[in-house]
Structure formats: structure tokens, C-alpha cells
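Examination of the molecular architecture
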Amino acid sequence: METYDAVGENNFNPSSYHGNHTKQHATWSPYDNNGGTVMAVAGEDYVICAADTRMSTGYSIMTRQYTKVDEMSPKTLMASAGFMADAATLKKLLKGRCDQYQFANNKPIGCVAFAQMLSNTLYMRRFFPYYAFNIVAGLDAEGKGAVFTYDAVGSYERTNYSCQGSGQQLIMPVLDNQLKTVSPLVLPAVSSATPLSEEEAIDLIKDCFATAGERDIYTGDAVELFVMNKDGIRKETMPLKTD
Amino acid sequence: MIPSRTSHSSSIGPGVVPRGADPAYDEEVKREYDLRKNIPHLGKGSKGRPFSIDPNVGVMTRTQTPYVTGTSVLAVKYKDGVLMACDTLACYGSTKRYKSIQRMKLVGKYTVVGFTGELSDFDYISTLLDELEMTDFCQDDECPRTPKEIYNYLVRVMYNRRNKFDPLWNSLVISGWDYVEKKPFLGCVGMIGQHYVDDHVATGFGNHLARPLFRESWKEEMTEQEAEKLLKSALLSCVMRDKQMMNKFQLSKITADGPGEISEPFAIDTRWGYENYVNPTKYAPGAW
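Residues numbered from 1 in each chain as written. Chains lettered and ligands numbered in written order. Predicted model: local features only at pLDDT ≥ 70, side-chain atom pairs only at ≥ 80, totals over all residues. Heavy atoms only, no water.

This part takes up the overall build of chain B. Each helix and strand in chain B was counted, giving seven helices and 13 strands. Per-residue burial over chain B gives 48% buried out of 288 residues. For chain B, contacts bridging at least 24 residues in sequence account for 66% of all contacts bridging at least 6. Total accessible area on chain B stands at roughly 14,600 Å², and carbon and sulfur atoms take up 54% of it. (Helix = DSSP H or I, 4+ residues; strand = E, 2+ residues; numbered from the N terminus. Buried < 20%, exposed > 50% of the residue type's maximum accessible area, 1.4 Å probe, protein only. Contact = heavy atoms within 4.5 Å. Areas by Shrake-Rupley, 256 points an atom, 1.4 Å probe, with all protein chains shown as cover.)

Right, dumping it as C-alpha cells:
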């Protein structure tokens, strides 16, 4: 039978175009990489979580308006890149858990507790992982900005800034250069929050996405910034190049 | 209420140990299940041991490779509704096998679902949707499911089957009128559960051929006539470039005014007299 992929979106098999007929039929993978870049920056009294809105598969863009950042609780934002069906399922599950927490404790879940829950949830699927690369951003119990960064199977770390997804390699060195501060191990303790003001951090993030969009085909269309401070959460959007 | 038939029982993956294969275990779970017998998929209606694999059958999977397939489905929103179009062909490999297959399905009053990919898998999905629609009808509460709810349901079905490594080999387009939010709805779900909503969608080859045309010409405040014209120009490019597509199409329309309509099959005007078709190697130096 001729080699082809009926759905045509999940896998592209170049061998079928060149008379190499070792592969007899369309195969499938339970995973896809839908691209996208997510990042977060924490300040002394604010945190910003941002992501582009492109969703791709291979060389095709499926939609230009896919929001990757979700408000999990009033104090917690979560952004995911990677395989969108896994990310959406994960967020659905966690949102349910956040609601249950609210019912049981009569207060919304904090970002530190949420961060641990996400780690446990990812590790539960250690041998059939959620292919999602997550960042959690929020204000901790003291009102300080917090960023948690993960791998697909639940290893995580609290940091002050992070970037994940297809533009990670382009953005992370810039953040290291601009935001790296005192080690949290130094004594007497010095705040390791980024020294930037909220406005400066917003500018930096916008620049990062504009730059990543120039070089990374999976990043583009628009960037959404969710800014959390003591007054609540507000959202900013900036268009990016659509090519 | 009589429990409705459920083809998609969450306790019944394909190939689970059937009732009666292990009486001792059946007895044990009966006590447990009696406590929950009113939950349809756990209690009386259930057919086997959940989360198990029947050693006589092994892990059972259905479509691992597609056989009879439909190609692109195209759809666009316009100011008072959604239009969806696809051809009526189901191919067996590259054979044009079944030429009068309706590839769109009306679900309830306000939703149309179209499919790309395996015909038999969509037949199963149709069964699920019919059951869903039946329970909804029986409730008779003037509160039918919105297209968004049907979309979310289908996302879960597709993702659940990919988790079992037993995918439904389809991309689905869900269009409809959201009578709650009073606006058109248009979404797409892939074979492994990837999903999105957008102003225009196209599955399969249409993603390469039609989507660029939509992106160029689609406008928020399009009239029905403009949307139809856009859709037909996209169908033209698809039928002239996609060998799996046939010049026999159906168009569905859904608006606030109630039941969605799926048109009678029609053809569009095609021209094959282009110079490049007559002499394909003329402008290709090095070819012969």
C-alpha cells in the first residue's frame, strides 16, 4: 500500500517521497512538539509570567492565538510549552486540585504549595511523561516574587527568572546576563530578587520575545504578559512577527 | 432513569478481563461496586475489570494504520455563523473507493462535526455523539449541549484513546452556534488530542493549501456570501492540488436561527487548461 499519513499533521515521513519503501504504512507517536516559549521574572514585590501565542506542528502553524499562561489560583500563574494536549490535560487536572484545596481550606492554594503539587503530578507519570515544560510564577507568603522551573518529569527549583520551550536557548543567556544576582547561599542573606523595576522587567521580557521571534520559527504572533503584584493580576499583549 | 448505553465506558478499555473469567475477583469487586451501583460506568452497566488486560487477548488496539480515509475539511466563521465544507470521498489508499460519503455530521441542533482520516473510527465517534445527543434529548430541558461542550468532550475522547496507544485516526472539526455566548464557535481536534479554536480551520492537506488563503482573505465581519466565496476558492485549490480530493462537495451552515443545514452535494468549476498542465516541463529546465 502506498505510504501516506492520512491525518497529515502528526508525522512527516520524507522517505516516502524518495522511493525508500522500507516503511510500509503511516505510523504514529503519542507525542508532538507544538513549540512555544514561556518565561517568568520575579522581583521583590511582583512577578511576571509571559508566553507567546503560537501553536505549531512541524512547519505548520495551527493557531496564532493559543494562550499558554493560566491563572491557577489568585497567587499562582502557570505556563507550559511542549505538547499542548498534555499541557492542557495537566492544567485541567491541577485546576481541579486547586478548587478542591479551596473547598477544604477555605483559602486559595499558594504558589509554593502549588509548585510542589505540580512536581508530584509530573513525577506520577514518570514512565509515560507529560511532555510539557512548565514554569510556575507567583507571590509567596511574604509577597515576594517566586519562579519555579521544571523538567518534564518533575525536577524543579525555585529561581528568580526562567525560560522554557523552543526559544529557551536564545533567551536564557540574556536573562543570565541581565538578571543574575547574589547567590542565595551568601551570608548574611542578601535578597536575590531581580533588581529591575516592574516596568524595566516588562521591557526586558518584550525584547526577549521580539528577539527570539526573529530566529525561532516556533515563537511568534504575539506575546502575553501576566503581571502579578499586590494589586492583583493584569495582562498585557504585544504583537510579534507572524512569519 | 434508565441508564443510557455507553460505548465509551471509562472502565472498559479494549481487551479488559471480562466478567466471569475470575469469579473470586468478581465477588470481591461486587461488594465494592454495590456501594456505587448507581454510577453507570462502575456499577450495574459495567462489563469487566477496570484497568486490566485480558491475557487471552493481550493489549487490544484498533486503528494503528488507516485504511479508508477522508481528506481535508475546511471551515470559516463569519458574522452570523460558521460554514464548513468537505468533499464526499472516502479513499482506500489512493483508490477513490466510496464517492458518496457524507463526512459531516449534525449533532443536536447547533453543532456540525466534520472529519479527516479513518472512516470507521469516525463511525465510532458518531455512535458516541448519538448517545450523547440521545441523553441530551431525553433530558428535555431546553438546554442542549453547546458546540464548545461537544468540542471539549471530543478532545477528551481523542486524548484518552491516544493514552491507550489505540488512537482514533481522525482530525475533527467542530463548528456551531454557541447560543449561550451568542457567537459562532469553531474548533479542531487532532488524533492525539491536540486542539485549538480559531476563526478558520482546515485539517489534513487543507492546512497547507487552504489555510494561507484564509489567512489572507478572512475578515471578522464577513457576510455569508463572502465566506462562501472564500470557502469555494479554497476548495478549488484543494481539489486541483490534492489527489485525494474529489469535485463533489457538501457545505454546512450553522447560525443562530436553529438547526444546522448540510447542503446537497455540488461541484465547483475547475479549469485544467493551464499552460503548466498542458506542458508541465516547459518551465522546468533540466526536466524532460
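Picking up after the structure, the text goes on.
This brings us to the pattern of salt bridges. Residue and element names in this part refer to chain B. Taken as a whole and judged by the stated rule, the model has 26 salt bridges over all chains. We note a salt bridge from Asp198 to Arg211, for which the minimum N-O separation is 3.0 Å. With Asp198 in the loop between β10 (195–197) and β11 (200–202) and Arg211 in helix α5 (residues 211–217), this pair connects stretches of sequence that are 13 residues apart. Assessed through its relative accessible area of 7%, Asp198 is described here as buried. (Salt bridge = Lys/Arg side-chain N within 4 Å of Asp/Glu carboxyl O.)

Glancing now at the packing of helix α2 (residues 119–139) of chain B against helix α3 (residues 147–163) of chain B. Residue and element names in this part refer to chain B. It is at 12 Å that the axes of α2 and α3 come closest, and there the two elements cross at 135°. When the axis of α2 is compared with that of α3, the two are oblique. Both α2 and α3 take part in a crossing whose hand is right-handed. Contacts from Tyr124, Ile125, Leu128, Leu129 and Leu132 of α2 reach α3 at Ile150, Tyr153, Leu154, Val157, Met158 and Arg161. The class makeup of the residues in the contact of α2 with α3 is 10 nonpolar, no polar and one charged. (Axes fitted to C-alpha atoms, helices over the stretch in contact; angles between N-to-C directions. Parallel < 35°, antiparallel > 145°, perpendicular 65-115°, else oblique. Left-handed = near helix turned anticlockwise from the far one by under 90°. Nonpolar A, V, L, I, M, F, W, Y, C, P; charged D, E, K, R; others polar.)

So, about the pairing of strand β1 (residues 37–42) of chain A. All names here are of chain A. Taking burial as the measure, the six residues of β1 include six buried ones, the bulk of the element. Burial along β1 is two-sided: the face carrying Thr37, Met39 and Val41 and the face carrying Val38, Ala40 and Ala42 are both buried. Taken together, the five bridges between β1 and strand β10 (residues 161–165) define a ladder with antiparallel strand orientation. Paired with Met39 across the bridge in β10 is Cys163. Of the pairings in the sheet, the one linking β1 to strand β2 (residues 46–52) comprises five bridges and is antiparallel in character. The residue of β2 that forms the bridge with Val41 is Ile48. Hairpin remark: β1 followed by β2, antiparallel, with three residues in the connecting loop. (Pairing = 2+ DSSP bridges.)

The next thing to look at is the sheet that holds strand β6 (residues 76–82) of chain A. Residue and element names in this part refer to chain A. Pairing in this open sheet of five strands is antiparallel, and the strands run β5-β6-β7-β8-β9 from one edge to the other. Either end of the sheet is taken by a strand with one partner, and the two such strands are β5 (69–73) and β9 (156–159). On average, each strand axis in the sheet is inclined to that of its neighbour by 25°, with strand direction left out of account. For strand β8 (residues 145–150) and β9, the ladder comprises four bridges, and the chain directions are antiparallel. Within β9, the position partnered with Val147 by the bridge is Thr159. Across the face of the sheet, helix α1 (residues 84–105) comes into contact with β5, β6 and β7 (132–139) while running at roughly 20° to β5.

So, on to the sheet that holds strand β13 (residues 258–262) of chain B. All names here are of chain B. Reading across from one edge, β11-β2-β3-β12-β13 is the order of the five strands in this open sheet, with antiparallel pairing throughout. What marks the edges here is a single partner per strand, and that holds for β11 and β13. The sheet shows a mean angle of 10° between the axes of neighbouring strands, direction not considered. With three bridges connecting them, strand β12 (residues 249–255) and β13 associate as antiparallel partners. Opposite Thr255, over in β13, you have Gly258 as the bridge partner. Sheet strands in contact with helix α6 (residues 224–241) are β2 (73–78), β3 (81–87) and β12, and its direction is about 160° off that of β2.

To continue, consider the nonpolar core. In this structure, Met78, Leu90, Leu94, Phe114 and Leu118 of chain A are the most contacted members of the largest nonpolar core, which totals 46 residues. Contributions of two or more residues to this core are made by α1, α2 (111–124), β7 and β8 of chain A together with β2, β3, β8 (170–178) and β9 (183–189) of chain B. If we skip the residues at most four places from it in the chain, Phe114 of chain A touches Met72, Thr76, Met78, Leu94, Cys98, Ile109 and Val136 of chain A. (Core = buried A, V, L, I, M, F, W, Y, C linked by side-chain atoms within 4.5 Å.)

Residues and elements named next belong to chain B. Mean pLDDT over chain B works out to 86, with 83% of the residues at or above the 70 mark. In this model residues 1–5 is a low-confidence stretch, pLDDT under 50, and it forms three contacts with partners more than four residues away in sequence or in other chains. Within the model, the stretch residues 10–15 combines pLDDT values under 50 with 21 contacts to residues more than four positions away or in other chains. Overall fold confidence (pTM) sits at 0.85, and the ipTM for the predicted complex is 0.87. (pLDDT = per-residue confidence, 0-100.)

Turning next to the interface of chain A and chain B. Of the residues lining the interface, 34 residues belong to chain A; the matching set on chain B comes to 38 residues. Approximately 3,000 Å² of surface area, both sides summed, lies buried where chain A meets chain B, with 55% of it carried by carbon and sulfur atoms. Between the two partners, chain A and chain B, sit one salt bridge. For Asp86 of chain A, the salt bridge is made with Arg162 of chain B, and the minimal N-O distance between the two is 2.9 Å. Where chain A touches chain B, the interface holds 10 residue pairs in polar contact (both at pLDDT 80 or more). A per-class count over the side of chain A that touches chain B returns 17 nonpolar, nine polar and eight charged. (Buried area = accessible area lost by both parts, 1.4 Å probe. Polar contact = N/O pair within 3.5 Å; in protein donor to acceptor, adjacent residues only side chain to side chain.)

All names here are of chain B. Topologically, Ser175 is positioned in strand β8. A residue is classified by how much of its surface remains accessible, and Ser175, at 1% relative accessible area, is buried. The residues touching Ser175, leaving out its near neighbours within four places in the chain, are Val82, Met84, Tyr110, Thr111, Val112, Pro147, Phe185, Leu186 and Ile254.

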